Amino acid sequence: MNFGILTIFPEIFDSFLAHGIIRRAIESGIIRVTPVNIRDFAGGKHRTTDDRPYGGGAGMVMKPEPLTEAIAHARKRIPDGIVILLSPQGRPFTQPLAQELALRNGLIFVCGRYEGVDERIYAHIDDEISVGDYVLTGGEPAAMVIIDAVTRLLPDALGGADSAESDSFSDQLLEFAQYTRPPVFEGEGIPDVLLSGNHADIASWRLESSLIRTLLKRPDLLEGKKLSDREKAVLKKWCRAVEQLISG
Ligand code: 4FD
């Protein structure tokens, strides 16, 4: 996967690209990440990338010329890449969208700054994505979020064979509770079943843990989900337990 990043602050990505799974994915050739400085495509003595908004008002707007030139440059380097503007107005970024993007060969992210970008750059944008309903000072953190979520879905990016398939959201459930040593921490032990060595029992316990955590923390995720017979049975069991409890 080829990632291009258009930004006026390419240095923001240095640490992100130098650590952990992202670093390893670069070293093993699974991804290539190329930050491009938009300012390199700005003309004039001061090479300005922003200007005052027509019609007046506070803040600055990113000028269309440097951005368009930078996009053209990135498209030449990543011919099969789609150009994505990160903005609060984009379509919501979700795990299914990450899976969709992971099928592409190239993604070029446009990181806007200031109060926005000149409307006329949309002619050069293929898609617009938002990482959540809040406003950032720039699109850079959003680009990192998407690069991170997409990279870990690429074949061989994670060490373990089925890590990405078994994690939260891949089946619209939150991850089950996890424990490691020590066996007792601050007086709290771990569930006996995890020490039983019975893999079927452990799998059942984990499904139950996932379902109940999702019900308590993110019931909205269950609304849209098609439940299997086993999942229904688990929820009914807890339902009956709660009914017992309230009826005495
Ligand atoms: N929620 C997001 C992305 C960018 C951003 C910007 C237009 C503002 C939030 C273009 C307006 C870029 C998000 C920069 N804030 N701020 O994904």
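A quick note: this is a predicted structure, and the numbers were derived from the prediction, not measured.

### Thoughts on the sheet that holds strand 1 (residues 2-7)
The five strands lie next to each other as 2-1-6-5-7, forming an open sheet whose pairing is parallel. Across the chains shown, the open sheet's two edge strands, defined by having one partner strand only, are strand 2 (32-37) and strand 7 (127-130). Taking each pair of neighbouring strands and ignoring which way they run, the sheet shows an average axis angle of 30°. Pairing of strand 1 with strand 6 (residues 106-111), which is carried by five bridges, proceeds in the parallel orientation. When the sheet's bridge partners are listed, N2 is paired in strand 6 with G106.

### Some details on unusual backbone geometry
That bond from R181 to P182 is cis: its omega, 5°, falls within 30 degrees of zero. Positionally, P182 belongs in the loop between helix 5 (140-151) and helix 6 (199-217). The phi angle at Q172 is positive, at roughly 60°, despite the residue not being glycine. Position of Q172 among the secondary structure elements: in the loop between helix 5 and helix 6. In the Ramachandran plot, E186 falls in the positive-phi region, its phi being about 50° despite a non-glycine side chain. When you line up the elements, E186 lands in the loop between helix 5 and helix 6.

Cut-offs used in this document
- Each chain carries its own residue numbering, running from 1 in the direction its sequence is written.
- Side-chain atom pairs in this predicted model are given and counted only at pLDDT of 80 or more, local residue features only at pLDDT of at least 70, and totals for whole chains, interfaces and linings cover all residues.
- To get the side-chain values, take all heavy atoms of the structure and skip hydrogens and water.
- Strands are treated as partners if at least two bridges between them are detected by DSSP.
- Per the convention used, a helix needs a DSSP run of H or I reaching at least four residues, while a strand needs a run of E reaching at least two, with both numbered from the N terminus.
- To get an axis, a line is fitted to the C-alpha atoms, and for a helix only the part in contact is used. The angle between two axes follows their N-to-C directions and goes from 0 to 180 degrees.

Honestly, that's just the spatial picture; any functional story needs more than this.
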